Amino acid sequence: MSLPESGRDRERVLADLESRADSDADWRNGRTWNLVYHAGEAVESLRNDAYELFASENALNPGAFPSLGQCEVDIVEMTTDLLSGSDDVVGNVTSGGTESILLAVYTAREHARRERGITESELVVPETAHPAWSKAGHYFGVDVIRTPVREDRRADVDAVEAAVTDRTAMVVGSAPAYPHGVVDPIADLGRIAAANDMLCHVDACLGGFILPFLRDLGHDFPAFDFSVPGVTSMSADPHKYGYAPKGSSVLLWRTPDIRLHQYFGFQDWHGGVYVAPNMQGTRPGGPIAGTWAVMQYLGRDGYADLTATVMDTAETLRDRIEAIDGLSIVANPDATVFAIESTDPTLDVWAVHERLTADGWVLERQQQPPSIHLSVMPTHEPVVEEFCADLEAAAEDARSESGDSARAPMYGLSADLDSDEEIERAAERLLDSVFR
Ligand SMILES: *Cc1c(COP(=O)(O)O)cnc(C)c1O
């Protein structure tokens, strides 16, 4: 396509976009178990209105848009309060979990270099932690040591301790980790970090807006937030279980002297002195305004109600799935995300996945163990029966069939190539055909 010679009608342009969305995943009606965290029409419409109000504004300069600066401060304070932080905690809103993680690793590297004289730093990260940790290490030249997890899929504390060296800048735990929904033993990780004068990050991108409310509802899991000594930073994403518009994560530091290393400044530009707290230049106002609005609109009781609904739905699903012959839930999830595996050698869980996909469900495959991932959301409450019926039928029909195996979760790429570089080349070839 080239730019139209003359501009087109507003109605036609919008109609085109709407029809393009026809073949997209259906997330409003509970068919989709990942990617979009939807809390229903009322939240969606408020979020969109707030986004629209600030869709053109630029948070790059809070001097010009103090409104957005104040919203950012408020979001940071509300999130700090949820995660048991003190008045010393400082933070920023970023464009997403990945940016928060990239910044955390960059800041840890700079902290290690400037405060501890470490020129080649390392990061110790459990295997279940998000790939963004490895991406950050790759981008910033920090070695990422991935440590094994225990049978229950939580970080193996002994393995973490053994992996720590005098070059370790930061240890990481997840609350919870995405693949199996379990919270790492954060108290032990904090203890190891404190004893070695290192930083400790809790990746609560997924759980930051659900675990505090589960705790209020009486659910039990290991302490995971700033109440844990030794935890020096956390990330929590409003755009996941905070039900905010996409492009919204919060990165928090226990004290300002660590966050100092996150800032970038450059004074020799012809255009003048340039400073930035995070990785973006131009910063869209929509996600910040939308996040502020959703947090104010829902409040503690709104999030608590949504969390109760989602957790009830997750527990019903887990019971129903465990009752299906040959299927089981991986480990013992602490929150509202989990994975379904096969316990029967004649039942290939990826063949089950293929049948569910044919039934119109959108679900991710995971590889260790081979499993189907579910992030439970408020929209799933009405479809529990239908989903379980389809899952039962799929398990019945798929027995002795084999699914197309050796496929990684993303883009259906094969996970049996020799190196990550080969995966990069394969992704490039594949995406070339998608994007061109
Ligand atoms: C989703 C997720 C991330 C990455 O967040 P993005 O917003 O997708 O960049 C990081 N960590 C965990 C535990 C997550 O679930």
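Calculation criteria
Residues numbered from 1 in each chain as written. Predicted model: local features only at pLDDT ≥ 70, side-chain atom pairs only at ≥ 80, totals over all residues. Heavy atoms only, no water. Helix = DSSP H or I, 4+ residues; strand = E, 2+ residues; numbered from the N terminus. Buried < 20%, exposed > 50% of the residue type's maximum accessible area, 1.4 Å probe, protein only. Contact = heavy atoms within 4.5 Å. Areas by Shrake-Rupley, 256 points an atom, 1.4 Å probe, with all protein chains shown as cover. Lys, Arg positive; Asp, Glu negative; His and termini not counted. Charge placed at Lys NZ, Arg CZ, Asp CG, Glu CD. Pairing = 2+ DSSP bridges. Salt bridge = Lys/Arg side-chain N within 4 Å of Asp/Glu carboxyl O.

Engineer: For this particular structure, what's the right way to read the overall build of the protein chain?
Structural biologist: Looking only at helices and strands, one finds 13 helices and 13 strands in the protein chain. Counting over 436 residues, the protein chain shows a buried share of 51%. By sequence separation, contacts in the protein chain at least 24 residues apart represent 70% of the contacts at least 6 residues apart. Of the roughly 20600 Å² that the protein chain leaves accessible, carbon and sulfur atoms contribute 49%. Seen as two clouds, the 34 positive and the 73 negative side-chain charges of the protein chain have centres 4 Å apart.

Engineer: Can you walk me through the pairing of strand 11 (residues 337-342) in this structure?
Structural biologist: Moving residue by residue along a regular strand, the side chains alternate between the two faces of the sheet. Here strand 10 (residues 327-329) pairs with strand 11 via three bridges, running antiparallel. Each bridged residue has a counterpart across the sheet, and for Ser328 the counterpart in strand 11 is Glu341. For strand 11 and strand 13 (residues 371-375), the ladder comprises five bridges, and the chain directions are antiparallel. What sits directly across from Glu341, in strand 13, is Ser371.

Engineer: It is not clear to me how the pattern of salt bridges should be interpreted in this structure. Could you clarify?
Structural biologist: Side chains bearing opposite charge may pair, as long as their charged atoms lie close to each other. Enumeration over the complete set of coordinates arrives at 22 salt bridges. Between Asp152 and Arg150 there is a salt bridge; the shortest N-O distance is 2.8 Å. Its relative accessible area of 28% is what places Asp152 among the partly exposed residues. Its salt-bridge partner being Arg154, residue Asp152 comes within 3.5 Å of it at the nearest N-O pair.

None of this, on its own, says anything about what the molecule does.
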